[in-house]
Every structure is written in C-alpha cells, then in structure tokens.
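What follows is each chain in one-letter form.
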Amino acid sequence: MAGETVITVVGNLTADPELRYTQNGLPVANFTIASTPRTFDRQANEWKDGEALFLRASVWRDFAEHVAGSLTKGMRVVATGRLRQRSYQDREGQNRTAIELEVDEIGPSLRYATAQVTRAASGSGGGGGGNFGGGQQSRPQQQVQEEPWATPGSSAPDAWSAPGTGGASYGDDTPF
C-alpha cells in the first residue's frame, strides 16, 4: 500500500517464536529479531559490533504456524515487512509507543547455514512452509512428493532459466 514503511531486517531470533491463539482461534506468532551492525576497525585490525537493534515482529494465520514450526532461537533470518506504530498505556498509566514489524516474508539466512525446505500441507493454500532448522522442527508437517516448480519431464535445476533466454547463463555455466 502507498505510504507504508517497508523494510528488510537481517538478524538472529532472540527466542523461539511464541505461538498463541486469539479468542476467535486465529493463530499469531510473536518473536524478536536482533540485528547487530558490524564494522571493521582498520586500526585495531578487527571486527567490532555496533549497538544491537531489537525489533519485535509478528505473523498471523497459517504463516504463524509455519514460522513457529520452522524457526528457533538463534537462527539467522531475513524478514521483510511493514513497520507498525502502536500506542498504549502501561500499568502505571503512562502513554507508550511501540514500533513493530508486521512480517510479510521470512526465512533463514543461507549465508552461514543450509536449509531443507518442505512444502507445508495447508487448507488455505497460502504459500509454502519449511523445515529450516535442519530437523529442529517442533511438530511434523506433511511433505509434498512432487516439486511444484519443476516443469513436466524435467528436473528442477534444468528448469532454472529465465523465460526467453534459451537457457542462458552468466558465463560460468550457472543457469539463472
């Protein structure tokens, strides 16, 4: 939507996502992403951590169950979403404001890890899920046998070429 602040955050989960249900039975998962900038200090010849940003985030519906079943404390994630500002009164009656990330997409960062993705069986058909924890999943999910992205009669890697390129590559024999 126009006027929304969309950001991408790369960081680590500070705890396992907390899955809860509203009074109407709607699932919601809440979690915090810690993003710490690192800079190289040339004089000391070492990397130094900056001040960490702790960003509270939430996901809803089937997406919440996928996140809670796939991501765990300490995992490095890449999350994209919209910043939301919320005002409330604390227990002492003071007015407070919180900035939170309403996540549109999230997944593991593959910079320092690998992931095995399995498509989640879902009644809503609202996208994939995954086992991003390398077996750390808290509840089993049904694995779909076929790869929906593969074209009939081909394996998935052979089908990875851009439309109209005739299987062109970047010159290192890696299809795009």
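Here, every reference points to the structure presented above.
Summarised in this report is the structure supplied together with it. Please read all numbers here as calculations on a predicted model, not as lab measurements.

## Here we look at the pairing of strand β3 (residues 27–35)
Within β3, 9 of the 9 residues are buried, which leaves it mostly tucked inside the rest of the structure. Two strands pair when backbone bridges link them, and strand β1 (residues 6–13) and β3 are joined in this way by 2 bridges, in the antiparallel orientation. Of the residues in β3, the one forming a bridge with Leu13 is Ile33. Bridge count between strand β2 (residues 18–21) and β3: 4 bridges; the pairing is antiparallel.

## Notes on the nonpolar core
Counting residues in each nonpolar core, the largest one holds 17 residues, and the members touching the most others are Phe31 and Ile106. When contributions to this core are tallied by element, the ones reaching two or more residues are β1, β3, β6 (53–60), α1 (61–70), β7 (76–89) and β8 (95–108). Setting aside anything within four residues of it in sequence, one finds Ile106 in contact with Phe31, Phe63, Val67, Leu71, Val77, Val78 and Ala79.

## Some thoughts on the environment of Val67
The topology assignment puts Val67 in helix α1. On the accessibility criterion, Val67 (3% relative accessible area) is buried. The spacing of Val67 and Val28 is 39 residues in sequence and 9.7 Å in space, taken between C-alpha atoms. In this structure Val67 touches Pro17, Phe31, Val59 and Ile106, once residues within four positions along its chain are discounted.

## A look at the pairing of β1
Sheet topology note: the β1/β7 ladder contains 7 bridges and is antiparallel. Within β7, the residue paired with Val9 across the bridge is Ala79.

Criteria and cut-off values
- Residues numbered from 1 in each chain as written.
- Predicted model: local features only at pLDDT ≥ 70, side-chain atom pairs only at ≥ 80, totals over all residues.
- Heavy atoms only, no water.
- Buried < 20%, exposed > 50% of the residue type's maximum accessible area, 1.4 Å probe, protein only.
- Helix = DSSP H or I, 4+ residues; strand = E, 2+ residues; numbered from the N terminus.
- Pairing = 2+ DSSP bridges.
- Core = buried A, V, L, I, M, F, W, Y, C linked by side-chain atoms within 4.5 Å.
- Contact = heavy atoms within 4.5 Å.

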